[in-house]
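Understanding the architecture of this molecule
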Amino acid sequence: MKTQSVFAMAFVSTFAATSPAIAQDRSDWPDNFTVGTASQGGTYFAYGSGWANFVAENLGVSGGAEITGGPMQNMALVHTGDLKFGLTTMGPAQESIDGNSPLAPGMKMDNVCAMFPMYETPFSVTALSSSGITSISDIPDGATIGFGPAGSTSDTYFPRIMETLGVNFERRNGSWSDLGGQLQDGLIDVVAFAAGIPIPAVSQLEVQTDVTIIGMTDEEAKKVTANFPVSEFTIPASTYQSLNEPSRVVSMWNFAMVNCDMPESFVYEITKLTMENNDKMVSIHKAAKNSIPENYTKNKVLPWHPGAARWFNENGYTIEDSKINQ
């Protein structure tokens, strides 16, 4: 499991000197932190690296992002403590906790705690307009489909979704940026994206060529929601210049997670900073408009870190003791 660090040694001394977080006992706080994201060109990397910089600048602890294989690998890295923070999707999180991760079959990754809600990951398909593919049923028999990095949310669920919808395909893995380039060059037929919107790679494609963003029919959406841990979702037409009307798809929730052994006061301050400054989070990535405390109920998989749970409970978002890691 190769990873690549992109570390931002961010520190704002003037803020640190006046921040209430600095006044408390920080003796057990780490000197730095790294958050596991995913491939470049995807939302996880943009969201995670920006968030790490935001935390570092405001809490006076250097931090940065790490390029990884995505949610499944992030679960493994945070569970083992190789990384202290990570981003994950509820489906891969459940499989990892149950010991069904393909990265470590049989290992129950139960030293991972929820910190705060991020956003929903829509599952959508993109093709070149010149291909004539305008629906999932149009995807030709034996088409080559890019499913993102191996072990990512898209790679874990989208092939099964396509099979359920009767699509016969050849599988291709790679970073979102790389797959976008392959699509543009005609080396693959479609890309099956699962990432927060707007997806940087799709936005980049739109600038360079004409693309079609493909939604699901009522029947397709119902069949998928009946067979997978997803819910129906609508991509607003304003998300991409290629959309003339909202696009019906399905989605899965994402949460920021933390190794359960991290200091309670540190996780509390990070949760407080993130949940109380949504405008700053949205400036990092538009998907963060859903990174609000009201969405804490979307976590039905991970135990809560005591530090995160303390902030939510103090602010009227009840998390029962039975759902908090002890």
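Basis of the calculations
Residues numbered from 1 in each chain as written. Predicted model: local features only at pLDDT ≥ 70, side-chain atom pairs only at ≥ 80, totals over all residues. Heavy atoms only, no water. Axes fitted to C-alpha atoms, helices over the stretch in contact; angles between N-to-C directions. Helix = DSSP H or I, 4+ residues; strand = E, 2+ residues; numbered from the N terminus. Parallel < 35°, antiparallel > 145°, perpendicular 65-115°, else oblique. Left-handed = near helix turned anticlockwise from the far one by under 90°. Contact = heavy atoms within 4.5 Å. Nonpolar A, V, L, I, M, F, W, Y, C, P; charged D, E, K, R; others polar. Phe/Tyr/Trp six-rings, centres within 6.5 Å; stacked < 30°, edge-to-face > 60°. Buried < 20%, exposed > 50% of the residue type's maximum accessible area, 1.4 Å probe, protein only.

1. A few points about the packing of helix 10 (residues 264-275) against helix 12 (residues 306-314)
- Direction vectors running N to C along helix 10 and helix 12 enclose 45°, while the axes themselves pass 7 Å from each other. When the axis of helix 10 is compared with that of helix 12, the two are oblique. Handedness of the helix 10/helix 12 crossing: right-handed. For the pair helix 10 and helix 12, contact is made by Glu264, Ser265, Val267, Tyr268, Thr271, Lys272 and Met275 and by Pro306, Gly307, Ala308, Arg310, Trp311, Phe312 and Glu314, respectively.
- Grouping the constituent residues of the contact of helix 10 with helix 12 by class yields 7 nonpolar, 3 polar and 4 charged.

2. Looking at the packing of aromatic side chains
- Taken as a whole and assessed by the stated rule, the structure comprises 19 aromatic pairs.
- Ring centres of Phe33 and Phe85 lie 5.6 Å apart, and the angle between their planes is 75°; on these two criteria the pair is classed as edge-to-face. Residue Phe33 is found in strand 2 (residues 32-36), and its partner Phe85 is found in strand 4 (residues 85-89); the two are separated by 52 residues along the sequence. Each member of the pair, Phe33 as well as Phe85, is classed as buried.
- On the basis of an interplanar angle of 75° and a centroid distance of 6.0 Å, the ring pair of Phe255 and Trp304 is categorised as edge-to-face. Placement of the pair is Phe255 in strand 11 (residues 247-259) and Trp304 in the loop between helix 11 (278-284) and helix 12, with a sequence separation of 49 residues.
- Relative accessible area serves as the criterion here: at 3%, Trp304 is assigned to the buried category.
- Here a set of aromatic residues connected by ring pairs shows up, and it is made of Trp29, Phe33, Trp51, Phe85, Phe116 and Phe266.

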